[in-house]
Amino acid sequence: MLRIGLVMLQGARHAHIAAIEAASSRSGIMVEIHEIRKLSDLQSSDPQALVLPGGESTTMRLTGLDEASNLLPGLFQWIRDRPTLPVLGTCAGAILLSDPQDGGYPLVDARIDRNAYGRQSDSFQDTLYSPLLGCDFPGVFIRAPRFISHDAEISAMHGDEVVGVRTGNVVALTFHPELSGDPGFHVWLLESAKEAFQ
Ligand code: GLN
């Protein structure tokens, strides 16, 4: 049974639960999902993989720095201290991983620009290619950020544009795989955790 930590600061959390469950049935890897709201949740569950959902990164920084939660920046340091821990950050989660703002180095080697596609009305869906999964993937972009530059492996491309990066076992995607109906990236997360921990 793998312990999967889902960061619950704000945003698209419940769709990730469904995607993790779909990935578990597809891969046959049994999971137990731990909701991470406070630093103490992280410490007590000691997850073997982590998901940072999308939503609103400014709100996440506020709730995550609140005394009651105290989750950020402990979460970032937790990831830095565990180089093989598989982490999937989507959209606002990718913003936090690329730009943790805690004085430490970014969790993926990339620079990111928030809301770079424009407003809510500029949200879109299109087919991507993922070198990480080795196949096409349905991309759902909601007020998505854009990578300005990166020195990381590419995990997803939209045409000529890099929309997913990977540094070590940390993957940051500017889109929402949990809303696509395809649990491919969540399967990657579970398989990587299985490889790292079992
Ligand atoms: N624009 C949001 C932010 O800046 C990210 C959007 C999303 O996660 N769907 O945090």
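Our subject is the structure listed above.
Residues numbered from 1 in each chain as written. Predicted model: local features only at pLDDT ≥ 70, side-chain atom pairs only at ≥ 80, totals over all residues. Heavy atoms only, no water.

Draft legend 1. Structural context of the pattern of salt bridges. Going through the model one piece at a time under the given rule, you end up with nine salt bridges. Residue Arg80 pairs with Asp102 through a salt bridge whose shortest N-O separation is 2.9 Å. Here Arg80, found in helix H4 (residues 74–80), pairs with Asp102, found in the loop between helix H5 (92–98) and strand S5 (110–113); they are 22 residues apart in sequence, far enough to count as distant. We classify Arg80 as buried; its relative accessible area is 10%. The partly exposed category is assigned to Asp102, whose relative accessible area is 26%. Linked by salt bridges that have partners in common, Glu56, Arg114 and Arg143 make up one network. (Salt bridge = Lys/Arg side-chain N within 4 Å of Asp/Glu carboxyl O. Helix = DSSP H or I, 4+ residues; strand = E, 2+ residues; numbered from the N terminus. Buried < 20%, exposed > 50% of the residue type's maximum accessible area, 1.4 Å probe, protein only.)

Draft legend 2. Highlighting the packing of aromatic side chains. Under the counting rule described, the total for this entry stands at seven aromatic pairs. Relative to Phe175, the ring of Phe137 has its centre 6.1 Å away and its plane inclined at 45 degrees; by these criteria the two rings are tilted. Here Phe137, found in strand S7 (residues 135–141), pairs with Phe175, found in the loop between strand S11 (170–173) and helix H6 (184–197); they are 38 residues apart in sequence, far enough to count as distant. Given the relative accessible area of 0%, Phe175 is considered buried. Members of the aromatic cluster, joined through ring pairs, are Tyr117, Phe124, Phe137, Phe141, Phe175 and Phe185. Over the ring of Trp78 we find Arg82; its NZ or CZ atom is 3.5 Å from the centre of that ring. Just above the ring of Tyr117 sits the side chain of Arg146; from NZ or CZ to the centre is 3.9 Å. (Phe/Tyr/Trp six-rings, centres within 6.5 Å; stacked < 30°, edge-to-face > 60°. Lys NZ or Arg CZ within 6 Å of the ring centre and 35° of its normal.)

Draft legend 3. Structural view of the site of the ligand. The full set of residues close to the ligand is Gly54, Gly55, Glu56, Ser57, Cys91, Ala92, Ile95, Arg114, Asn115, Ile142, Arg143 and His176. A distance of 2.4 Å separates a nitrogen atom of the ligand from a polar side-chain atom of Asn115. Within the complex, the protein chains bury 98% of what would otherwise be the 300 Å² of accessible surface of the ligand. Here the shell around the ligand is composed, by residue class, of four nonpolar, five polar and three charged. (Near = heavy atom within 4 Å. Polar contact = N/O pair within 3.5 Å; in protein donor to acceptor, adjacent residues only side chain to side chain. Areas by Shrake-Rupley, 256 points an atom, 1.4 Å probe, with all protein chains shown as cover. Nonpolar A, V, L, I, M, F, W, Y, C, P; charged D, E, K, R; others polar.)

Draft legend 4. Here's a closer look at the pairing of S5. Only one face of S5 is covered, namely the one carrying Ala110 and Ile112; the face carrying Arg111 and Asp113 has none of its residues buried. Here S5 runs beside strand S8 (residues 146–150); their pairing, made up of four bridges, is antiparallel. Within S8, the position partnered with Arg111 by the bridge is Ser149. (Pairing = 2+ DSSP bridges.)

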